[in-house]
Amino acid sequence: MFGYIVAYKPEMKIKDYEIYKGIYCTLCKRLSRRYTPAAQLFLSYDFVFLAAVRLSLQEACPVFHKSRCMYNPLAKCARCDGDEGVMDRCADTVVIMSYYKLLDNFNDGNFLRKAVCIFLYLPVFLMWKKAKKRNPHVQDTVAAAVSRQKECEKEQHCSIDMAADASAAALANLMSAGHENSAYYESLRRFGYLVGRWAYLMDAADDLARDMKTGNFNPFRQYLKAGGVACDDVKASAAAVLYTTAGGAAAEITNIPFRRFLPLLENIVYLGMKSKTDAVLGTQGETKNEQSV
Amino acid sequence: MNNPYEVLGIPEYATEEQIKSAYRELARKYGDENAGAGIPAQFAHRKMQEINEAYDQIITNRGASSGGPRAQSAYYNGYSDYQDIREKINSGRIEDAQTLLDGIPPSARDAQWYFLKGNVQDRRGWLEEAFKNYSTACNMDPGNPEYRAAFDAMNRSRSGGYATQKQNDTGCSGCDICTGLLCTYCCCECMGGDFIPCC
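Quick look at the structure, then. If you're wondering where the values come from, they're calculated on a predicted model, not measured in any experiment.

### What about the overall build of chain A?
Tallying secondary structure elements over chain A gives 11 helices and 2 strands in all. Counting helices and strands in the order they occur from the N terminus, chain A gives α-α-β-β-α-α-α-α-α-α-α-α-α. Referenced to the eigenvectors of the C-alpha coordinate spread, the extents of chain A come out at roughly 55 × 45 × 40 Å. Sorting the 293 residues of chain A into buried and exposed places 55% on the buried side.

Laid out in structure tokens, this is it:
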């Protein structure tokens, strides 16, 4: 996951924003304590969303209290306790996914990127070994998704759905693990699937211009070649796919009985995903400088 | 009765897949919809019964020996087949529905097939293929409201027109104003006041 699933700040209430930031801070702190301070570099808002969904489905209510942080000692921010292992699990997920992302970057990056990857490899590898042992379920899920993704990309006629399936199923698994016996299990899976699919396709749409130049795999590019659509329509058809997926997730959110944080999740799914889609497809130059929140 | 394998024209060691495809092949030839094209209806009907019995017998025998469930649903009976698939979709058995749908040969796929296939893919989250199948279903049977509704719903969200806000009715409607006036009137009159002077 690559930092696409973010909240839409202008429409947020202060209390939701505080919770959002609180979850981010807690996750960041947990990464530093559970691994090394270097692990904090890999945290993105996607994982905050994952943590928020998991927290809002757990029985016990998480407790927030204010505390300071060494990166910004003047401002106090909310810290979350009583999370029933959600934060630890998310921290493990951050590390495991970062490791595979690093490998992926190394495989299809240019010289400079490769150098950065080699520089980062050893610390990430050590953290990954730790995370793998701590949380084998997450490791299995992510590893399965990565290997399926590779197989898909080798396939000649890989459709958009097929390409997105591995990442989407991985997020569905991560989100719904532990809720197998609940009545909302199917809804939660579908919700996770569609959000994961959206995130994967957003990444593909964002990288489209670069991939077209370098010739790397991109689901939209394959699709356009097969369909014989002109290059000008790339963005239009990508937008249709992304909107459909985001719309599906937005429809599914009403079927899940979230215990708390519902306004926050609604903001992310209803407004955040849509505005991010528009930002990435509208003017690609602007998105590079845009702050996530 | 004849040997059921002979009726279907397959060897006894045939796999389940072969049995099903042989059955479908024959059912298409002698089935109710297709009878009359060179084959007398009476004969076709009797033949169809024989084929059904033979198929049933083989599947029952095999089911008993292997302990597996009876694959009765593989019947190729036009609409009843789709009914079964619809039930499977509704009860959430998406994989089963998909297997059954894929079992129907391409030549026999009609608008309903494309609609159901789209529905299955929609459930799985394969929204692009679902959209393609919905639009094929709509093109094949433009008058069908069910296919049209599914297609339109998807088309709306493709252009970004999906719901981005929860529907909430907390505003003040005409009814609320009326109720408010009535309450005020009742209270005022009870207390001896005169909210509306004319009555």
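### Digging into the nonpolar core
Judged by nonpolar contacts, the single largest core of 119 residues is most densely connected at A:Phe49 and A:Phe191. Looking at which element gives the most residues to this core, the answer is helix H7 (residues 185–214) of chain A, with 13 residues. Beyond its immediate stretch of four places on either side in the chain, A:Phe49 contacts A:Ile5, A:Met175, A:Phe191, A:Val195, A:Leu265, A:Ile268 and A:Val269. Within the second largest apolar cluster, 18 residues are counted, among which are B:Leu8, B:Ala27, B:Ala44 and B:Ile58.

### As for the side chain of B:Asp122
Structurally, B:Asp122 can be placed in helix H6 (residues 111–124). The contact partners of B:Asp122, leaving out residues within four places of it in the chain, are A:Arg190, B:Leu127, B:Ala130, B:Tyr134 and B:Met154.

### Comments concerning a nonpolar patch on the surface
Residues and elements named next belong to chain B. A cluster of nonpolar side chains, contributed by Ile-177, Leu-181, Phe-195 and Ile-196, occupies part of the molecular surface with about 330 Å² of accessible area. Within the secondary structure, Ile-177 sits in helix H9 (residues 174–190). By relative accessible area, which is 49% here, Ile-177 ends up partly exposed.

### Concerning the packing of aromatic side chains
By the definition in use, this model includes 17 aromatic pairs over all chains. Their ring planes at 10° and their centres at 4.1 Å tell us that A:Tyr99 and A:Trp128 sit as a pair that is stacked. Here A:Tyr99, found in helix H3 (residues 86–107), pairs with A:Trp128, found in helix H4 (residues 111–134); they are 29 residues apart in sequence, far enough to count as distant. Its relative accessible area of 6% is what places A:Tyr99 among the buried residues. The exposure class of A:Trp128 is buried, given its relative accessible area of 9%. Relative to B:Tyr55, the ring of B:Tyr23 has its centre 4.3 Å away and its plane inclined at 25°; by these criteria the two rings are stacked. Of the two residues, B:Tyr23 is situated in helix H2 (residues 16–30) and B:Tyr55 in helix H3 (residues 41–66); the sequence distance between them amounts to 32 residues. There is no split in this pair, since B:Tyr23 and B:Tyr55 are both buried.

Conventions used here
Note that residues are indexed from 1 along each chain, following the sequence as it is written. In the order they appear in the text, chains get letters beginning with A and ligands get numbers beginning with 1. Side-chain atom pairs in this predicted model are given and counted only at pLDDT of 80 or more, local residue features only at pLDDT of at least 70, and totals for whole chains, interfaces and linings cover all residues. Side-chain metrics rest on all non-hydrogen atoms present in the structure, leaving aside hydrogens and water. Numbering goes from the N terminus for both helices and strands, where a helix is a DSSP run of H or I of at least four residues and a strand is a run of E of at least two. Three exposure classes are used, based on accessible area relative to the maximum for each residue type with a 1.4 Å probe and protein chains only: buried under 20%, partly exposed in between, and exposed over 50%. Residues belong to a common nonpolar core when they are buried Ala, Val, Leu, Ile, Met, Phe, Trp, Tyr or Cys residues joined through side-chain atoms within 4.5 Å. The contact rule is simple, with two residues in contact once any of their heavy atoms fall within 4.5 Å. Every patch collects residues that have over 30% relative accessible area and no salt bridge, joining them within 9 Å if they carry like charges and within 5 Å if they are nonpolar side chains (Val, Leu, Ile, Met, Phe, Trp, Tyr). Areas reported here follow the Shrake-Rupley algorithm with a probe of radius 1.4 Å; residue values treat only the protein chains shown as occluding. Definition used for salt bridges: Asp or Glu carboxyl oxygen within 4 Å of a side-chain nitrogen of Lys or Arg. In summary, the pairing rule links any two rings of Phe, Tyr or Trp, Trp by its six-membered ring, whose centres are within 6.5 Å, and it sorts them by plane angle into stacked for under 30 degrees, edge-to-face for over 60 and tilted for everything else.

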